[in-house]
Amino acid sequence: MNDYQIAWNLMKKVFPILDDSFTFGQATDDGSLLKNEFYQCVESSKTLNSGRIVQDLLVSKIEQRLRNEMVPEFWSYFKRSENDNKGFKQFYNAVKSLYDCFKQLDHVITKLDMFKQATQLGDLIYNENNTHDALKLILKATLLSQLNLEYQVVVMNFYETALKMEDTEEDDGQCIICLQESKHCNCLHLFQETNRKLGDMSLLEPLVGQTLTNLIYTYIHAHIQKICKDSFDSSFIVILEKWLQTVVINWLRKIYCYDTSSSNNEVVVGMFDKKLTNYLYNCYTKIRIDQLFNIIIEYPESLPALEDLRLCLPRTELKPLLTKKLQKAMETRLLHPGVSTPDVLTAYVAAIRSLRILDPTGLLLETVTQPVHQYLRSREDTVRCVVSSLTEEGPNDLAEELIRGEIVQVDENTPVDEDGENWETWVPDPIDTSPSKSSAYRRTSDIISMLVNVYGSKELFVNEYRTLLADRLLTQYSCDTEKEIRYLELLKLRFGDSQLHYCEVMLKDIADSKRINQHIKQDPEYSESDIPMSAMIVSAQFWPPFKEEKLELHARLVTQMEGYTSAFETLKGSRTLCWKNHLGVVDLEIELADRTLNLSVSPVQATIMMHFQDKNVWELQELSKLMQCPPTVLRRKIGFWQSHGILVETKPDVFCIQEDLENKDNNIQEDIFVEDYESESAMASAQDQREEELQTFWSYIVGMLMNLDTLPLERIHQMLKMFAFQGPTIECNLQELKVFLDRKVREHQLIYSNGYYKLPK
Amino acid sequence: MKVRIKNWTGVATWKWVANDDNCGICRMPFDGCCPDCKLPGDDCPLVWGQCSHCFHMHCIVKWLQSQPVNQQCPMCRQGWKFNNK
């Protein structure tokens, strides 16, 4: 036996791991027994100068053991199991076994350390100053090199169960892992033990960290979703932050701070805290952004949610996402034909109001509502809806805005007085602003200005208001104009006196009519036979054009009207009245054999009844001739009385009175179309008016073509623009003109060939 | 059947009984008002001259004031006299 042999045997005794047949657990190391051998060993390696070789050999053996025995054993615990609670135990056992092995290896390393000190060996293992750290490094490397597929599931399982244990709201006194009563359960203890062991091996972060973060993210997300779902009426930021601290961070502290002596772990938790708070904000903001459309619709109830969002936005950089998502939501939920214009307007107004809170600079509002603007422009009834919501109590509450009073700024280039602004509170525009528009314009908080701007013209708006007012005055026939006058005054504040002058005259007409009616009734010359009359006397020049309909009234009424007219003529010298026979309202009392009806009907319907009073049976043709009303229209009007069960059609086109209702129950025609006369406008429709306007151009066009023979569309348009289009409303674009001319071609009043129009010879 | 009309509210437009539609001076409709007025009817009446031409009262008065001598009807150049019929 030479020196080497002796030294090797000695070595094997001191470091049993060097022997391949050695297994852990059976050899109970007795330090005192081996002290001798240890020093001999140190001596021999000193003489042989083999310290370095011993160390390398040991490290390689440790690696081998780890690779071939310990790590595979550890991973063998990781099997997918359906039962959550089993997963908890699995992981605990795995860590336990690994830790036992680690402890033994650590023991070897301790001895190696002593050996190194004794032999004054300076060589480092894997560049680690501390040999224990080197062991941890080797362990980590080996573990990760053999990573098991199921490991994340098991780890997730383990921590999820533990987290559930932490955050059980309904504590039924039972541990959810071992299903024992809480006081007998030591699961929490096992959990902490596992964490401590992992921490000892420095495996907590590499093995668990990522999974843990994922788990907590999912958990936070689910939690926020749960508490914020569809409830916009309270603020959650404070609650959520508190929850994060008390539940999540505390729990993390339990995992990481197994060792109270080390301050390093507080740093880890602190980092987690920052990361998780940031995630919390991000997650909350994203959820709110997804709900933003609903939040806007529910404004002002959703104010707390908006405030939350406003606080979150600067901390999360999610503004671009918000803009994109909201635009998308608007498009899919608002801007399609299924939504009625008043609803679009309501949403639009709510959006204006709520986005102002989110972003006082108005930039966000501008970008998001741009498509809404464009869309509203394409809807025909927008102006009408805006006007009616301005002057009526409705869900839009625009009347309130009107009262706030501010002059409408239609043109964005109007110089705005900026002197009044306090320079100390001035905030620069956001960087993504387009510099072409002044910020003051964007900052105006006036909703009505914005709505009027949808169309870009005050005139259109005012015109629509006039039509609406006329309609309302003529359908209500009440002289109670107090409310209208108030609205008119408010509108005047915004749109200026000149624009609303016509409306003023209209309201004055109503008041004057009331006075004239009283005067005429007191006139001794005027006798009120059996028909009490009153009249709405209007100034035709100032009202929008009336719808023309021909109607011959009953002779009794005609005389009555003549009486009224002559009374008016004596009252107002040199003036006379032109009656609009088809307009007005009549209060009737109809006495039948078995019932009496009180109704308010239109003049046409009243006239029908008056004729039927004279004669019980009428043929449609006959009546139509008498009333000068087309049979089809008349039939529709008679339908109204049929639906009341007063008239019946006994033979085709022959109508007669039905005195008794009871005997002829089955004769009532329930399904007759009843004309809702309230809904009919007394004013000419916008389309009719437009037609008339275009008709005024016709003489110009004829003149042009007479002089120049043939002209293309563009030339005609240009010439009209030069000579005929005067005033803001009388204008027509190329498209409209083409439609008009094409109609003339169809009516054979024009000839179109080769892109040129000319008059027929 | 008996029909009793409790009240008949009709709609009528008023107009001046004149031989023209527009005022010869301001070219505005008679049923409207002269350029200086806001309210038609009683507040901006018509007047007739003995030559049977008629104008907004405000228009013809303004015209007559601008003619210190020879107050004539602007339409027919006869001497202007109000016709108080």
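Residues numbered from 1 in each chain as written. Chains lettered and ligands numbered in written order. Predicted model: local features only at pLDDT ≥ 70, side-chain atom pairs only at ≥ 80, totals over all residues. Heavy atoms only, no water.

Looking up chain B in an unreviewed UniProt entry gives the name Anaphase-promoting complex subunit 11, with the organism given as Exocentrus adspersus. The Sequence similarities (unreviewed entry) field of the UniProt record for chain B holds the comment "Belongs to the RING-box family." Per UniProt, chain B carries the Pathway (unreviewed entry) text "Protein modification; protein ubiquitination." (UniProt positions renumbered as here; feature names shortened; annotations may be inferred.)

As annotated in an unreviewed UniProt entry, chain A carries the name Anaphase-promoting complex subunit 2 and comes from Exocentrus adspersus. Check the Sequence similarities (unreviewed entry) section of the UniProt entry for chain A; it says "Belongs to the cullin family."

A.B. asks: Now, about the overall build of chain A: what can you tell me, with residues and values included?
C.D. replies: Of regular secondary structure, chain A possesses 29 helices and nine strands. A burial count over chain A gives 46% of its 761 residues as buried. Sequence separation of 24 or more characterises 72% of the internal contacts of chain A that already satisfy a separation of 6 or more. Carbon together with sulfur atoms contributes 51% to the accessible area of chain A, which is approximately 39500 Å² in total. (Helix = DSSP H or I, 4+ residues; strand = E, 2+ residues; numbered from the N terminus. Buried < 20%, exposed > 50% of the residue type's maximum accessible area, 1.4 Å probe, protein only. Contact = heavy atoms within 4.5 Å. Areas by Shrake-Rupley, 256 points an atom, 1.4 Å probe, with all protein chains shown as cover.)

A.B. asks: Lay out the sheet that holds strand 7 (residues 710–712) of chain A in plain terms, naming residues and giving numbers.
C.D. replies: Residue and element names in this part refer to chain A. Reading across from one edge, 7-9-8 is the order of the three strands in this open sheet, with antiparallel pairing throughout. Each of the sheet's edge strands pairs with one partner strand only, and the pair in question is strand 7 and strand 8 (751–753). The mean inter-strand angle of the sheet, taken between neighbouring strand axes irrespective of direction, is 30°. Pairing of strand 8 with strand 9 (residues 756–758) involves three bridges; the strand directions are antiparallel. Looking at strand 9, one finds that Ser753 is bridged to Tyr756. Docked against the sheet, helix 28 (residues 713–723) engages strand 7 and strand 9, running at close to 90° with respect to strand 7. (Pairing = 2+ DSSP bridges. Axes fitted to C-alpha atoms, helices over the stretch in contact; angles between N-to-C directions.)

A.B. asks: Talk me through the side chain of Asp308 of chain A; I want residue IDs and the actual numbers.
C.D. replies: Residues and elements named next belong to chain A. With respect to the helices and strands, the residue Asp308 is situated in helix 12 (residues 303–316). Buried and unpaired, Asp308 has Arg288 as its nearest opposite-charge partner, separated by 5.0 Å. Engagement of the side chain of Asp308 in a polar contact is seen with the backbone nitrogen of Phe236, the distance being 2.7 Å. With residues near it in sequence (within four places) discarded, Asp308 still touches Ser234, Ser235, Phe236, Ile237 and Tyr284. (Lys, Arg positive; Asp, Glu negative; His and termini not counted. Salt bridge = Lys/Arg side-chain N within 4 Å of Asp/Glu carboxyl O. Polar contact = N/O pair within 3.5 Å; in protein donor to acceptor, adjacent residues only side chain to side chain.)

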